[in-house]
Amino acid sequence: MAEILMYGLTTCPHCKRTKEFLEKAGANFEVIWLDKLEGDMKRKVMREVHEISGSYSVPLVVRGDKWVLGYDEAKLKEIVGE
């Protein structure tokens, strides 16, 4: 199981940039593309996103009890342990 979970949209440029950052950092992560989910699964995951961050915005990167909303390189470095 991945240490880091990223929620995003395939059409979101900040999500793509965040994914690229995590790849370059060599992070053990998984991406959940919200726009590829349907029905009950989509509603469930959207609730998770809102419970974590208090928002429906993406990208949302989560590791344990820490999370980063949006593309914030300094905070992402903290999440991946750089």
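Residues numbered from 1 in each chain as written. Predicted model: local features only at pLDDT ≥ 70, side-chain atom pairs only at ≥ 80, totals over all residues. Heavy atoms only, no water.

Engineer: Quick question: what am I supposed to make of the nonpolar core here?
Structural biologist: A general tendency of soluble globular proteins is for nonpolar side chains to be buried together. Membership of the largest hydrophobic core comes to 23 residues, with the highest contact counts inside it found for Ile 4, Met 6, Tyr 7, Leu 22 and Val 61. Looking at this core, the elements that each hand over two or more residues are strand S1 (4–8), helix H1 (13–24), strand S2 (29–33), helix H2 (39–53), strand S3 (60–63) and helix H3 (73–80). Beyond its immediate stretch of four places on either side in the chain, Tyr 7 contacts Ile 32, Leu 34, Val 45, Glu 48, Val 49, Ile 52, Val 58, Pro 59, Leu 60 and Val 62. (Core = buried A, V, L, I, M, F, W, Y, C linked by side-chain atoms within 4.5 Å. Buried < 20%, exposed > 50% of the residue type's maximum accessible area, 1.4 Å probe, protein only. Helix = DSSP H or I, 4+ residues; strand = E, 2+ residues; numbered from the N terminus. Contact = heavy atoms within 4.5 Å.)

Engineer: Got a minute to help me understand the packing of H1 against H3 in this structure?
Structural biologist: Packed helices, taken two at a time, are described by the angle their axes make and the gap between the axes. Across the interface, H1 lies against H3 with an axial gap of 11 Å and an inter-helix angle of 40 degrees. In terms of orientation, H1 and H3 fall into the oblique class. The handedness of the crossing between H1 and H3 comes out as right-handed. From H1, Thr 18, Phe 21 and Leu 22 reach across to H3, where they touch Glu 73, Leu 76, Lys 77 and Val 80. A class-by-class count of the residues in the contact of H1 with H3 yields four nonpolar, one polar and two charged. (Axes fitted to C-alpha atoms, helices over the stretch in contact; angles between N-to-C directions. Parallel < 35°, antiparallel > 145°, perpendicular 65-115°, else oblique. Left-handed = near helix turned anticlockwise from the far one by under 90°. Nonpolar A, V, L, I, M, F, W, Y, C, P; charged D, E, K, R; others polar.)

Engineer: Can you help me understand the environment of Leu 34 in this one?
Structural biologist: Structurally, Leu 34 is set in the loop between S2 and H2. For Leu 34 and Val 58, which are 24 residues apart along the polypeptide, the C-alpha to C-alpha distance reads 9.3 Å. If sequence neighbours within four positions are ignored, Leu 34 has contacts with Tyr 7, Gly 8, Leu 9, Lys 42, Val 45, Met 46 and Val 58.

Engineer: Hey, could you run me through the sheet that holds S1 in this one?
Structural biologist: The pairing of strands in a sheet comes from backbone hydrogen bonds and takes either a parallel or an antiparallel form. The mixed open sheet is built from four strands, whose spatial order is S2-S1-S3-S4. In this open sheet, the two edge strands, each paired with only one partner strand, are S2 and strand S4 (66–69). Direction aside, the axes of adjacent strands within the sheet are offset by 15 degrees on average. Two elements, S1 and S3, share three bridges in a ladder whose sense is antiparallel. (Pairing = 2+ DSSP bridges.)

Engineer: It is not clear to me how H2 should be interpreted in this structure. Could you clarify?
Structural biologist: A turn of α-helix holds 3.6 residues, and therefore any two residues three or four places apart point the same way. In this model H2 runs 22 Å from its N-terminal to its C-terminal C-alpha over 15 residues, within 8% of the 21 Å that 1.5 Å per residue would give. What H2 keeps buried is the set Val 45, Val 49 and Ser 53. Buried residues of H2, viewed axially, fall in a sector of 55 degrees; they line one side. Along H2, exposed side chains directed more than 90 degrees from the buried face belong to Asp 40 and Glu 51. If you follow the buried residues of H2, they end up packed against S1, S2, S3 and S4. (Expected span 1.5 Å × (residues − 1). Arc of directions from axis to C-beta.)

Engineer: Can you walk me through the pattern of salt bridges in this structure?
Structural biologist: Throughout the structure, instances matching the rule amount to five salt bridges. Linking Arg 63 and Glu 3 is a salt bridge whose minimum nitrogen-to-oxygen distance equals 2.6 Å. Here Arg 63, found in strand S3, pairs with Glu 3, found in the segment before S1; they are 60 residues apart in sequence, far enough to count as distant. Take Glu 3: its relative accessible area is 45%, and that puts it in the partly exposed class. Here Glu 48 ties to Lys 44 by a salt bridge, and the two come within 2.9 Å at their closest N and O atoms. Of the two residues, Glu 48 and Lys 44 both sit in helix H2, four residues apart, roughly one turn of that helix. (Salt bridge = Lys/Arg side-chain N within 4 Å of Asp/Glu carboxyl O.)

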